[in-house]
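One letter stands for each residue in the lines below.
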Amino acid sequence: MNRRSFLQLLVDEAPLPHYDEVLHAAVATAASPAEVADLHAEHTLALQLRDTLEKRRSRQEQQRALVECAKELAEDRSDPDAILSLIVSQAQRLLGCDMSYLSLNDNAGRATCMQVMVGATSSAWKDVRIPFGVGVGGRVAATGTPFSTHDYFSDERLTHDPVVDASVRAERQVSIVAVPLRNSAVIGVLFAANRTPGWFSHDAIALLGSFAALAATVIAQARSRHDQAQTVTALRQANEALRQRALDQERAVAAHDQSMAIVLRGGGVQEVVTAVGDQLGGVLAIFDEFETPVAWTPGASEEILKAMSGARDGTYRVTDLVAGTENLGTLVWAPPAAPAQVGDLERRLLTRAAVVASLLQLFSRNLAAAEARVRGELLDDLLTPTPRTYTSLAERAHRIGYQPQKRHAVVVAHIRAENRQSLASVASDLAAARDGLSTVRDGQAILVIPSDDPSLTGRRIARSMTMRLGSPVTVGAAGPVDDPADLPAAYAEALACAQALLRLERVGVAATAADLGYAGLLLGDGASAVRYVARTLGPVIRHDERRSTALMETLEAYFATGQSLVASAKRLHIHPNTVTQRLDRVRRLLGVDWNSPDHMLEVQLALRLHRLGRELDD
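The rules we used
- Residues numbered from 1 in each chain as written.
- Predicted model: local features only at pLDDT ≥ 70, side-chain atom pairs only at ≥ 80, totals over all residues.
- Heavy atoms only, no water.
- Helix = DSSP H or I, 4+ residues; strand = E, 2+ residues; numbered from the N terminus.
- Contact = heavy atoms within 4.5 Å.
- Areas by Shrake-Rupley, 256 points an atom, 1.4 Å probe, with all protein chains shown as cover.
- Salt bridge = Lys/Arg side-chain N within 4 Å of Asp/Glu carboxyl O.
- Buried < 20%, exposed > 50% of the residue type's maximum accessible area, 1.4 Å probe, protein only.
- Arc of directions from axis to C-beta.
- Polar contact = N/O pair within 3.5 Å; in protein donor to acceptor, adjacent residues only side chain to side chain.
- 1 Å grid on protein atoms, 1.4 Å probe; cavity = no way out; pocket = protein on both sides within 12 Å on 5 of 7 lines; lining within 4 Å.
- Points joined across faces, edges and corners; volume = space filled by probe spheres on them.
- Nonpolar A, V, L, I, M, F, W, Y, C, P; charged D, E, K, R; others polar.
- Core = buried A, V, L, I, M, F, W, Y, C linked by side-chain atoms within 4.5 Å.
- Pairing = 2+ DSSP bridges.
- Axes fitted to C-alpha atoms, helices over the stretch in contact; angles between N-to-C directions.
- Parallel < 35°, antiparallel > 145°, perpendicular 65-115°, else oblique.
- Phe/Tyr/Trp six-rings, centres within 6.5 Å; stacked < 30°, edge-to-face > 60°.
- Left-handed = near helix turned anticlockwise from the far one by under 90°.
- pLDDT = per-residue confidence, 0-100.

A. Region of the structure containing the overall build of the protein chain. Counting secondary structure elements, the protein chain contains 21 helices and 15 strands. Considering only residue pairs separated by 6 or more positions, the protein chain has 59% of its internal contacts joining residues 24 or more positions apart. Roughly 31800 Å² of accessible area belongs to the protein chain as shown, and the carbon and sulfur atoms make up 52% of that amount.

Now the structure itself:
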């Protein structure tokens with residue numbers, strides 16, 4: 001065998017056993033020991049050359065793989081997190097290891113933090129912070145130089161940490177190599193690990209280091225692209241916000257001009273509500289201080305207006321209508337979308353609409369105050385219990401827009417003398433706002449207001465006057481009446497209720513005679529026993545008169561005998577069942593609780609007053 005044969009094996013990239021076969025054949029035909037020695041020397045040299053060529057081919061393959069990885073990284077335009085996952089996957093593929101992972105440095109916290117891992121079998125590695133100088137990663141993050149260990153837990157060069165060791169143990173890592181991710185400074189660590197002992201070769205460490213250099217550049221570029229994208233997005237959003245703000249400003253100015261035009265041509269709050277409602281959508285309404293709607297979006301249902309009245313729970317947008325310290329009501333908006341979606345434009349439109357509505361309400365109130373003087377004179381005449389021509393009073397009432405045929409509540413409001421400076425004007429405002437009348441007598445305000453519920457009207461008047469005068473207002477109320485001739489009697493009853501409340505020391509409270517019961521009769525000056533009997537037993541008395549029954553007689557016998565059915569029957573000379581039937585009729589006329597402890601005393605008092613009246617008549 002000659003030199004050319006070994007060279008041919010090298011050229012042919014023959015397997016390693018072929019070299020031994022060629023050597024053995026050549027030695028068998030060698031002519032001398034010197035020739036045998038030369039053959040062995042050539043064989044050794046050929047193997048060395050083959051090994052050198054293999055290493056070179058391996059490096060070339062690694063370089064090719066590195067270039068391919070670099071191309072993939074360079075072509076990827078994903079977000080930074082996806083780039084990190086790709087880097088770790090490529091590192092595992094390059095080294096053919098069991099797992100690969102990556103951490104990024106937190107220089108302020110002096111730790112490198114785990115970000116992503118491939119080949120993991122648990123989640124113990126997630127959120128692990130490796131302090132600088134601890135373990136493999138902390139050592140590389142702190143020093144900026146590669147480090148490898150063939151057996152992590154037996155390597156005395158390492159500083160251990162329980163948390164870090166627990167994550168390594170959970171993944172059964174043994175041999176680990178780590179290289180720094182470096183730009184101008186170390187930004188993190190790239191790892192490769194196997195679950196068996198063994199050293200990573202210098203070529204493997206160098207390959208991982210080269211890839212880490214590429215990866216660090218790609219990470220920086222990805223972060224830069226991400227930051228630029230966020231900046232562009234933020235600029236676009238800011239530009240869109242500026243554009244929208246400009247449009248909103250134009251709409252707000254247009255709405256303001258429209259509202260002012262309504263004011264200048266003498267329009268009212270309904271026109272303002274309609275115009276602004278068209279801009280806002282949903283339902284817009286104005287409520288007075290009594291929480292009564294005075295203007296609303298055309299077509300709004302009674303249900304939505306009722307729900308909006310007095311709303312303060314965040315469901316609707318509520319803007320107070322004020323002039324100085326004076327409350328003129330509220331502007332309430334039920335938006336078409338959720339309240340959280342209401343923007344700056346809507347808030348500005350509501351604010352401007354509230355200002356314009358406040359001006360219009362104030363103008364209207366001032367006009368009403370001028371009219372109130374005329375109304376007050378009319379009310380003084382209506383309340384004066386002297387013979388007069390109600391026909392002429394009705395004509396005066398119609399001329400000022402007052403409708404005496406409606407059902408009215410009569411309210412008497414009392415406040416301490418030192419707080420009466422604005423009593424007349426406040427009463428006039430409140431009455432005018434409800435198409436009513438007002439006047440002041442003996443330091444007390446009298447209001448006659450359209451209402452079917454004197455008790456509720458009294459409470460609302462008391463609340464509104466207390467708020468506006470800044471001092472508790474005590475209110476007595478009576479009615480409803482629909483005949484001007486009944487106003488003096490209703491006024492006397494309301495006055496008696498107010499006096500009864502003051503004697504009961506219930507300052508700031510509102511009540512009617514029905515609310516007070518017999519207490520109003522006993523404590524109120526001018527209280528009428530006849531009206532008390534009519535309120536308490538009127539349905540029973542009328543039943544006896546119309547049907548010739550004896551319900552009143554049965555009631556007197558029932559209470560005279562200590563509420564005994566048998567004794568009542570004997571006294572009346574009737575069967576006990578008849579007594580029961582009559583009392584059932586009383587229950588239907590007076591209510592199921594007519595003989596409850598709260599009402600029994602009132603019924604008995606009314607019975608005695610009724611009997612006394614009959615006796616006096618006789």
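B. Inspection of the pattern of salt bridges at higher detail. This structure, assessed with the given rule, holds 4 salt bridges. Residues Arg129 and Asp106 are paired through a salt bridge, measuring 3.1 Å at the closest nitrogen-oxygen approach. Of this pair, Arg129 sits in strand β3 (residues 129-131) while Asp106 sits in strand β1 (residues 99-106); the two residues are 23 residues apart in sequence, bridging distant segments of the chain. As a salt-bridge pair, Arg407 and Asp452 come within 2.7 Å of each other at their nearest N and O atoms. Of this pair, Arg407 sits in the loop between α11 (390-399) and β11 (408-414) while Asp452 sits in the loop between β13 (444-450) and α13 (454-469); the two residues are 45 residues apart in sequence, bridging distant segments of the chain.

C. Quick look at the environment of Glu493. Positionally, Glu493 belongs in helix α14 (residues 487-503). For Glu493, a relative accessible area of 14% translates into the label buried. Along the primary structure Glu493 and Thr512 are separated by 19 residues, whereas in three dimensions their C-alpha atoms are 8.4 Å apart.

D. Focus on helix α19 (residues 565-572). Regarding α19, the residues found buried are Ser568, Ala569 and Leu572. Across the axial projection of α19, the buried residues extend over an arc of 100°, all falling on one side. Turned more than 90 degrees off the buried face of α19, the exposed positions are Lys570 and Arg571. Where the residues of α19 are buried, they touch α18 (551-560) and α20 (576-590). Between the side-chain oxygen of the N-cap and the backbone nitrogen of Ala567 there are 3.2 Å, and the N-cap of α19 in question is Ser564.

E. Quick peek at empty space enclosed by the protein. Throughout the structure, instances matching the rule amount to 6 cavities of 30 Å³ or more. Taken as a whole, the largest cavity holds about 140 Å³ of empty space. Elements represented by at least two residues in the lining of the largest cavity include exactly β2 (111-118), α5 (135-143) and α6 (162-170). For the lining of the largest cavity, the class distribution of residues is 12 nonpolar, 4 polar and no charged.

F. Broad picture of the nonpolar core. Counting residues in hydrophobic clusters, the biggest one holds 30 residues, and the most contacted among them are Ile87, Leu95, Leu102, Leu181, Leu190 and Leu208. Elements that contribute at least two residues to this core include exactly α4 (80-95), β1, β2, β5 (175-182), β6 (186-194) and α7 (202-264). Ranked by the residues each element gives to this core, the list is headed by α7, at 11 residues. Those residues in contact with Leu190 that lie beyond four places of it in its chain are Ile87, Ala91, Ser100, Tyr101, Leu102, Val177, Ala178, Val179, Leu181, Leu208, Phe211 and Ala212. Judged by nonpolar contacts, the second largest core, of 22 residues, contains Tyr101, Phe147, Tyr152 and Ala193.

G. Examining the sheet that holds β3 more closely. In spatial order, the strands read β3-β2-β1-β6-β5-β4; together these 6 strands make up an open sheet with antiparallel pairing. Each end of this open sheet is capped by a strand with a single partner; those strands are β3 and β4 (147-149). The sheet shows a mean angle of 25° between the axes of neighbouring strands, taken without regard to direction. Judged from the 6 bridges that link them, β1 and β6 form a sheet pairing that is antiparallel. Among the inter-strand pairings, Leu104 is bridged to a residue of β6, identified as Gly188. Running at roughly 150° to β6, α5 makes contact with β1, β2, β3, β4, β5 and β6 of the sheet.

H. Quick peek at the packing of α19 against α20. Between α19 and α20, the least distance of the axes is 8 Å, while the angle of their chain directions is 105°. Considering their axes alone, α19 and α20 lie roughly perpendicular with respect to each other. Taken together, the residues of α20 that come into contact with α19 (itself represented by Leu565, Ser568, Ala569 and Leu572) are Pro576, Val579, Thr580, Arg582 and Leu583. Residues belonging to the contact of α19 with α20 are distributed by class as follows: 6 nonpolar, 2 polar and 1 charged.

I. Structural context of the packing of aromatic side chains. One pass over the structure, following the stated rule, counts 2 aromatic pairs. Note on Tyr101 and Phe191: the rings are 4.4 Å apart at their centroids and 15° apart in plane angle, and the pair reads as stacked. Within this pair, whereas Tyr101 is found in strand β1, its partner Phe191 is found in strand β6, the two being separated by 90 residues in sequence. This pair shows no difference in class: Tyr101 is buried, exactly as Phe191 is. Consider the rings of Tyr152 and Phe153, whose centres lie 4.9 Å apart with planes at 90°: the pair is edge-to-face. Taking relative accessible area as the criterion, Tyr152 reaches 1% and is therefore assigned buried. Residue classification places Phe153 among the partly exposed residues on the basis of a relative accessible area of 34%.

J. Examining the environment of His160 more closely. Relative to the helices and strands, His160 is located in the loop between β4 and α6. According to the relative accessible area criterion, His160 is partly exposed, its value standing at 33%. Between the C-alpha atoms of His160 and Gly135, which are 25 residues apart in sequence, the distance is 5.5 Å. Filtering out sequence-adjacent residues up to four positions away, His160 remains in contact with Val134, Tyr152, Phe153, Asp155 and Asp165. Separated by 3.2 Å, the side chains of His160 and Asp165 make a polar contact.

K. Broad picture of the environment of Gly96. Note on placement: Gly96 falls in the loop between α4 and β1. For Gly96, a relative accessible area of 60% translates into the label exposed.

L. Seen up close, the packing of α18 against α19. At their nearest, the axes of α18 and α19 sit 8 Å apart, and the two run at 125° to each other. By the angle between their axes, α18 is oblique relative to α19. For the pair α18 and α19, the sense of crossing is right-handed. Here Glu553, Thr554, Ala557, Tyr558 and Ala560 of α18 come into contact with α19, specifically with Leu565, Ser568, Arg571 and Leu572. Broken down by class, the residue content of the contact of α18 with α19 amounts to 5 nonpolar, 2 polar and 2 charged.

M. Representation of the confidence of the model for the protein chain within the structure. For the protein chain, the average pLDDT comes to 78, and 78% of its residues sit at 70 or higher. Here helix α16 (residues 518-523) stands out as the least confident element of the protein chain, with mean pLDDT 48; β4 is the most confident, with 94. Taken as a whole, residues 519-526 scores under 50 in pLDDT and shows 23 contacts with residues more than four places along the chain or in a different chain.

N. Molecular detail of the side chain of Thr330. Inspection of the secondary structure puts Thr330 in strand β10 (residues 326-334). Thr330 has contacts with Ala285, Ile286, Phe287, Arg312, Val318, Thr319, Asp320 and Leu321, leaving out every residue within four places of it along the chain.

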